[in-house]
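Here are the chains, one letter per residue:
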Amino acid sequence: METGAGQDALETATAVGSPQGTTPMSTGPVASAAAPLPAPAGTVGVPIRLAEPTALRLVHAGDHVDVFRAGAGTQPIAAAALVLAVTGTDDPLTGGLLLALTPAAAKETVNPAPDGYVVVIRPDG
C-alpha cells in the first residue's frame, strides 16, 4: 500500500475472534476512522463481498443481517449476523462487510460465492 501525505486516512479492520478478545484478524482498509465493533464471544470476524455492492451504503456497523449466497437458494448461511464494519462505501466495487459469524457459518464462506453474497437487513436488530 502506498503511503504519503495525500493518502486517505484508512485503518486496518481488526475483529476479535477469541473468547478473551485478544486474537486480531486483519481484513483490509476500513472506510471510516472508527474501529470495527468487537466480535461477540463464540464468533469470528469474516469479510464478505456483496453481489450488489451499492447495498454497502444501506448497511451500518451494529446492524444485523441474514446472509445468502447469491443465486444459491433461500437457505441463509447465517441469520441475524452482526455487522462489525463496512468497508469501501466510497468505492462499493472494492468494499464489503465484516460480519461476526459462528465458526460453522464462517466455514460456509471459505469458498467465496462466485456471484457474491446477498444480505437482508433485519429490522429487529
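This report concerns the structure included in the present document. Along each chain, residues carry numbers from 1 onward, in the same order as the chain's sequence is written. Since the coordinates come from a predicted model, pLDDT governs what is reported: local features require at least 70, and pairs of side-chain atoms require 80 or more to be given and counted, while whole-chain, interface and lining totals use all residues. Only heavy atoms go into the side-chain values, all of them from the structure, while hydrogens and water stay out.

## So, the overall build of the protein
Moving on, step 1. Working definition: helices are DSSP H or I runs of at least four residues, strands are E runs of at least two. Numbering for both runs from the N terminus. Along its length, the protein carries one helix and seven strands.
Moving on, step 2. Going residue by residue from the N terminus, the α and β elements of the protein occur as β-β-β-β-β-β-α-β.
Moving on, step 3. The 125 residues of the protein split such that 37% are buried.
Moving on, step 4. Residue contacts are defined here by distance: any two heavy atoms, one from each residue, within 4.5 Å place the two residues in contact. The long-range fraction of contacts in the protein, counting pairs at least 24 apart against all pairs at least 6 apart in sequence, stands at 59%. Using a 1.4 Å probe on the protein chains alone, a residue whose accessible area is under 20% of its type maximum counts as buried, one over 50% counts as exposed, and one in between counts as partly exposed.

## Quick notes on the nonpolar core
One broad rule of soluble globular proteins: the nonpolar side chains tend to lie buried together.
Moving on, step 1. Throughout, nonpolar core names a set of buried Ala, Val, Leu, Ile, Met, Phe, Trp, Tyr and Cys residues whose side chains join them through atoms within 4.5 Å. Judged by nonpolar contacts, the single largest core of 21 residues is most densely connected at Ile48, Val65, Val67, Leu97, Leu99 and Val119.
Moving on, step 2. If you list the elements that add at least two residues to this core, you get strand S3 (44-48), strand S4 (64-69), strand S5 (78-87), strand S6 (96-101), helix H1 (103-108) and strand S7 (117-121).
Moving on, step 3. Considering each element in turn, this core owes the most residues, four residues, to S5.
Moving on, step 4. Grouped together as the second largest cluster of nonpolar side chains are six residues, Ala39, Leu82, Ala85 and Ala100 included.

## A few points about the sheet that holds S4
Moving on, step 1. Between any two strands, pairing holds if DSSP finds at least two bridges. Spatial strand order, S3-S6-S5-S4-S7: five strands in an open sheet with antiparallel pairing. At either end of the open sheet lies a strand with only one pairing partner, and these are S3 and S7. Recorded for the sheet is a direction-independent mean angle of 45° between the axes of neighbouring strands.
Moving on, step 2. Bridge count between S4 and S7: five bridges; the pairing is antiparallel. When the sheet's bridge partners are listed, Val65 is paired in S7 with Ile121. Between N-to-C directions, angles cover 0 to 180 degrees, with each direction set by a line fitted to C-alpha atoms, over the stretch in contact for helices.

## Here's the deal with the pattern of salt bridges
Moving on, step 1. Salt bridge, as used here, is a side-chain nitrogen of Lys or Arg placed within 4 Å of a carboxyl oxygen of Asp or Glu. Summed over the entire model, instances satisfying the criterion amount to one salt bridge.
Moving on, step 2. For Asp66, the salt bridge is made with Arg122, and the minimal N-O distance between the two is 2.9 Å. In this pair, Asp66 is assigned in strand S4 and Arg122 in the segment after S7, connecting sequence segments 56 residues apart.
Moving on, step 3. Judged by relative accessible area, which is 14%, Asp66 ranks as buried.

## Here's the deal with the pairing of S6
Moving on, step 1. With respect to burial, S6 is a largely interior element, six of its six residues being buried.
Moving on, step 2. In S6, alternate side chains face the same way, and those of Gly96, Leu98 and Ala100 on one face and Leu97, Leu99 and Leu101 on the other are all buried.

## Considering unusual backbone geometry
Moving on, step 1. Phi at Ala80 takes a positive value of approximately 55°, unusual for a residue other than glycine.
Moving on, step 2. As for its position among the elements, Ala80 is in strand S5.

## Considering the environment of Val120
Moving on, step 1. Here Val120 shows up in strand S7.
Moving on, step 2. The sequence separation of Val120 and Val59 amounts to 61 residues, and the corresponding C-alpha distance is 9.5 Å.
Moving on, step 3. Each residue touching Val120, except ones within four places of it in the same chain, is listed here: His64, Val65, Asp66 and Phe68.

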